[in-house]
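Fold and geometry: a report
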Amino acid sequence: MAAYGMPPGKLCAIILCMADSVAACGIALGLQLAWATLHWREAIRSLLAELGVQAFPVDVLDMPLPAHTTPALYLTHAGLTLTIVLLSALPAMRLVKRLSSHPPRQ
């Protein structure tokens, strides 16, 4: 860890901040895309049908897709996304802690 020039705690904080910023950008973009897909589903379906793609096939799903959803569902999925991305940073932070206990190679 001496090669990085910072203590392991600070390096772990940087990893956590990077994971937090990735999660925040992903959530912001994902929520907008989900909202757009739900509101302009028919326009998206017709555009993709012109390209030969059958989007939102109801016969496969056996149920119609909802054209709206509750804000609670958006918040739940945003919270799950944030949790998953922050948990994915834990192995890197654990590796930093483990490597900091080894003496540097000469």
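Everything discussed here concerns the structure shown above.
Here's what I pulled together on the structure shown here.

Rules used in this analysis
Residues numbered from 1 in each chain as written. Predicted model: local features only at pLDDT ≥ 70, side-chain atom pairs only at ≥ 80, totals over all residues. Heavy atoms only, no water. Helix = DSSP H or I, 4+ residues; strand = E, 2+ residues; numbered from the N terminus. Buried < 20%, exposed > 50% of the residue type's maximum accessible area, 1.4 Å probe, protein only. Contact = heavy atoms within 4.5 Å. Areas by Shrake-Rupley, 256 points an atom, 1.4 Å probe, with all protein chains shown as cover. 1 Å grid on protein atoms, 1.4 Å probe; cavity = no way out; pocket = protein on both sides within 12 Å on 5 of 7 lines; lining within 4 Å. Points joined across faces, edges and corners; volume = space filled by probe spheres on them. Expected span 1.5 Å × (residues − 1). Salt bridge = Lys/Arg side-chain N within 4 Å of Asp/Glu carboxyl O. Core = buried A, V, L, I, M, F, W, Y, C linked by side-chain atoms within 4.5 Å.

Take the overall build of the protein chain next. Along the protein chain, the regular secondary structure elements total five helices and zero strands. Each helix and strand of the protein chain, ordered N terminal to C terminal, gives the series α-α-α-α-α. By the burial criterion, 14% of the 106 residues in the protein chain qualify as buried. Summarising the internal contacts of the protein chain: among those between residues at least 6 apart in sequence, 71% fall at separations of at least 24. Carbon and sulfur atoms make up 71% of the accessible area of the protein chain, which amounts to about 8,200 Å² in all.

What follows concerns the layout of surface pockets. Any empty space left between atoms is shown by rolling a water-sized probe over those atoms. Within this model, the second largest pocket holds a volume of roughly 150 Å³. Lining the second largest pocket are G26, I27, G30, L31, A34, L38, T69, L73, Y74, H77, A78 and T81. Those elements giving two or more residues to the lining of the second largest pocket turn out to be α1 (8-39) and α4 (71-88).

Relative to the 46 Å expected for 32 residues at 1.5 Å per residue, α1 spans 46 Å between its end C-alpha atoms, a close match to the ideal helical length. Taken together, the buried residues of α1 touch α2 (41-50), α4 and α5 (90-100).

A few words on the pattern of salt bridges. If you walk through the whole model with that rule in mind, you get two salt bridges. Of the charged contacts, one joins R41 and E42 as a salt bridge, the two residues approaching to 3.9 Å between their closest N and O atoms. The shortest N-O distance in the salt bridge between R45 and E42 comes to 3.5 Å. Highlighted residues: R45 and E42, both in helix α2, separated by three residues, approximately one helical turn. The exposure class assigned to E42 is partly exposed, which follows from its relative accessible area of 46%. Put simply, R41, E42 and R45 are held in one network by salt bridges that share partners.

Of all hydrophobic cores here, the largest spans nine residues; its members are L11, C12, I15, A19, A23, V85, A89, M93 and V96. Of all the secondary structure elements, the ones that give two or more residues to this core are α1 and α5. By residue number, the principal contributor to this core is α1, which donates five residues. The residues contacting I15, other than those within four sequence positions of it, are A89, A92, M93 and V96.

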